[in-house]
Amino acid sequence: MHRQNNKIVVFHCRNLRLFQDGERKEFSMAWPGLSLVSIPCSGKIEAHFLLKTLASGAQGVLVLACAEQACQYLEGSMRSRKRVEYARHWLEKLGIAPDRIEFVRLWPVSQQALEAHLEEFVLKLESLGALGTPEKV
Amino acid sequence: MIVAELKEIDEIRKMVDRYSSILVVGCDSCVAECAVGGARETQLLASALKLSYLKDRDEKVITEACLDRQCVDDFIDGIAEQVPEHDVILSLGCGAGVQALARVYTDKPIIPALNTLFIGETVMRGVWTENCLGCGQCKLGYFGAVCPVARCSKKLMNGPCGGSRGGRCEIDPETPCGWDLIIKRLEAIGELDRLSEYVPPVNWSTSHSGGPRRVIREDQKP
Ligand code: SF4
Ligand code: SF4
C-alpha cells in the first residue's frame, strides 16, 4: 500500500454521498497528507482553484464527479470535466505533468473505489517526483 | 465592453523574469466579462506563475489583487498599500487600465498580461464578437443597429459588395456578411426605406486616425 505523506487534495461532489457521519475523518486519518474537500456540485470547480491548490503545496488534485446523467444540477459534472481539462492544459503549457490533476468518475461510488484510485494516483505522483524538482515524466 | 485575450505565458515571463516580487492585478469589469482578467483569471495567472517559477526553482513573491475598475483612479487606489512592496505590477486590465496604473504609480513598471482586442459583445458564453470600432460618429440609426464599419469587412456604407454569398462574407466564410445582417434587420423592423438615404464616406478624423481622442465635460469636472 502506498500511503506516504503525499499532499493530495480531493474535491468531491457532496451528492456522491461517499462518507457517512464520522467516516470522512476515519478515511483521512488512514491517508496522511490527504485533504477531502466536499463541494455542493463538482461544477463549482474552476481551473483557478485547481492551479491554486498545486501552487499552495499540493502534489496532486483529484476531482470526483457524479456520472454526467446523474448530476443533480444537470450540467455540473460536464462543466467540471471541461474545467479540469483546461487546468490540465495549463499544466502542459507550464511544462508540468498534467496528470497531477485528474478528473475521476468513481464506479462503483464507494470508499473502496476511491482507495483503489488513490493508490494508483500516489504511485503516479511518486514516479513524477515532488513538484519543483525536475519531473521524471 | 472591451474584449481581450491572455498573452502566452512565455511572453509574460520574459517581461517579468527580471523582478523578484510581482503584484498581479486584475480588473473586474469588461475583462472579467470576457473571462480573461477578472478575479478568477487573476488567481489563475498568479497560480500559474507560481508554479512556473517553482518548476524553475526561482523564488519569487507573487501576490494577487483585483480592482473593480482598473481605469478609474478611485478604484486604482485600492492597491496603494501593496504597490510599494512589489517590484512590478502585472496588469490584467485592458490597455487603458495598464496606462492608468502607470499614470498613478509613476515609479513602478507596469506590464500587460493581456492583448486588448476590440469593443464587442458576449454573443454566448465563450463567444465574443467585435461590433464597434469607436468611429466617433455613430450611424447605427441608419443601419438597423448593425454596424457596417465594424461588421462589413470592407466598411461599405451604401450596400453590400458583390461577394456576399448565402449570408456570408466573401473575405471569410466564417464571418456573417454585415450587409446581409443590416438588410434582414431593417426588413424585420419595417425600415428598409432607411437605405434610400445616401450615407457619406466615414470621416475618419473623428476615429483614432485623427490622433489621440479625449472627451472633456465641464459639468462632470470636480
Ligand atoms: S458606427 Fe461607429 S460608433 Fe457606431 S457602432 Fe459603428 S463603429 Fe461604433
Ligand atoms: S460580403 Fe458583406 S461583409 Fe463582406 S465585404 Fe461584402 S458586403 Fe461587406
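Computed from a predicted structure; not experimentally measured. (Residues numbered from 1 in each chain as written. Chains lettered and ligands numbered in written order. Predicted model: local features only at pLDDT ≥ 70, side-chain atom pairs only at ≥ 80, totals over all residues. Heavy atoms only, no water.)

Some details on the overall build of chain B
Link 1 in the chain: Looking only at helices and strands, one finds 7 helices and 7 strands in chain B.
Link 2 in the chain: Its helices and strands taken in sequence order, chain B reads β-α-β-α-α-β-α-β-α-β-β-β-α-α from the N to the C terminus.
Link 3 in the chain: The C-alpha radius of gyration computed for chain B amounts to 21 Å, which surpasses the reference 17 Å derived for 222 residues by more than 25%, pointing to a less compact arrangement than a globule.
Link 4 in the chain: Summarising its shape, the C-alpha atoms of chain B cover approximately 65 × 45 × 25 Å along the three principal directions. (Helix = DSSP H or I, 4+ residues; strand = E, 2+ residues; numbered from the N terminus. Rg over C-alpha atoms; globule rule 2.2 N^0.38 Å.)

Remarks on the site of ligand 2
All names here are of chain B.
Link 1 in the chain: Taken together, Cys 152, Ser 153, Lys 154, Pro 160, Cys 161, Ser 164, Cys 169, Glu 170, Cys 177, Gly 178 and Trp 179 make up all the residues around ligand 2.
Link 2 in the chain: Of the pockets mapped on this structure, ligand 2 occupies the largest cavity.
Link 3 in the chain: Across the shell around ligand 2, the residue classes tally to 6 nonpolar, 3 polar and 2 charged. (Near = heavy atom within 4 Å. 1 Å grid on protein atoms, 1.4 Å probe; cavity = no way out; pocket = protein on both sides within 12 Å on 5 of 7 lines; lining within 4 Å. Sits in = over half its atoms within 2 Å of the grid points. Nonpolar A, V, L, I, M, F, W, Y, C, P; charged D, E, K, R; others polar.)

What about the pattern of salt bridges?
Link 1 in the chain: Evaluated as defined, the whole model comprises 17 salt bridges over all chains.
Link 2 in the chain: A salt bridge links Asp 99 of chain A to Arg 88 of chain A; the shortest N-O distance between them is 3.3 Å. Of this pair, Asp 99 of chain A sits in the loop between α3 (76-93) and β4 (101-104) while Arg 88 of chain A sits in helix α3, and the two are 11 residues apart along the sequence.
Link 3 in the chain: Here Asp 56 of chain B and Arg 13 of chain B are joined by a salt bridge, their closest N and O atoms 2.8 Å apart. Of this pair, Asp 56 of chain B sits in the loop between α3 (39-55) and β3 (61-67) while Arg 13 of chain B is found in helix α1 (residues 9-16), placing the two residues 43 residues apart along the sequence. (Salt bridge = Lys/Arg side-chain N within 4 Å of Asp/Glu carboxyl O.)

Quick word on the confidence of the model for chain A
Link 1 in the chain: Across chain A, pLDDT averages 89, with 95% of residues at or above 70.
Link 2 in the chain: Of all secondary-structure elements in chain A, the lowest mean pLDDT belongs to helix α1 (residues 23-29) of chain A, at 89, while helix α2 (residues 47-55) of chain A reaches the highest, 97. (pLDDT = per-residue confidence, 0-100.)

Brief notes about the interface of chain B and chain A
One frequently used descriptor of interface size is the decrease in accessible area upon assembly of the parts.
Link 1 in the chain: Taken together, the contact pairs 16 residues of chain B with 20 residues of chain A.
Link 2 in the chain: Summed over both partners, the interface of chain B with chain A comes to about 1,600 Å²; 66% of that surface belongs to carbon and sulfur atoms.
Link 3 in the chain: If you sort the residues of chain B by the area they bury against chain A, Leu 44, Leu 51 and Lys 55 of chain B come out on top, with a joint share of 36%.
Link 4 in the chain: For Lys 52 of chain A, the salt bridge is made with Glu 64 of chain B, and the minimal N-O distance between the two is 2.8 Å.
Link 5 in the chain: Here chain B and chain A share 4 residue pairs in polar contact (both at pLDDT 80 or more) between them. (Contact = heavy atoms within 4.5 Å. Buried area = accessible area lost by both parts, 1.4 Å probe. Polar contact = N/O pair within 3.5 Å; in protein donor to acceptor, adjacent residues only side chain to side chain.)

Re the domain arrangement of chain B
Link 1 in the chain: Taken domain by domain, chain B comprises domain 1 (2-118) and domain 2 (133-210).
Link 2 in the chain: A C-alpha centroid distance of 37 Å is found between domain 1 of chain B and domain 2 of chain B. (Domains from an automatic or database assignment.)

Notes on helix α7 (residues 178-188) of chain B
Residues and elements named next belong to chain B.
Link 1 in the chain: Residues of α7 that are buried: Gly 178, Trp 179, Ile 182 and Leu 186. Taken end-on, α7 shows its buried residues confined to a sector of 95°, consistent with a single buried face.
Link 2 in the chain: Taken together, the buried residues of α7 touch α6 (148-151).
Link 3 in the chain: Positive backbone phi, approximately 65°, marks Gly 190, located one or two places after α7. (Buried < 20%, exposed > 50% of the residue type's maximum accessible area, 1.4 Å probe, protein only. Arc of directions from axis to C-beta.)

Examining the pairing of β4 of chain A
All names here are of chain A.
Link 1 in the chain: Pairing of strand β3 (residues 60-64) with β4 involves 4 bridges; the strand directions are parallel. What sits directly across from Val 63, in β4, is Phe 103.
Link 2 in the chain: Once you follow β3 into α3 and on to β4, the crossover reads as right-handed. (Pairing = 2+ DSSP bridges. Right-handed = clockwise from strand over helix to strand, strands pointing away.)

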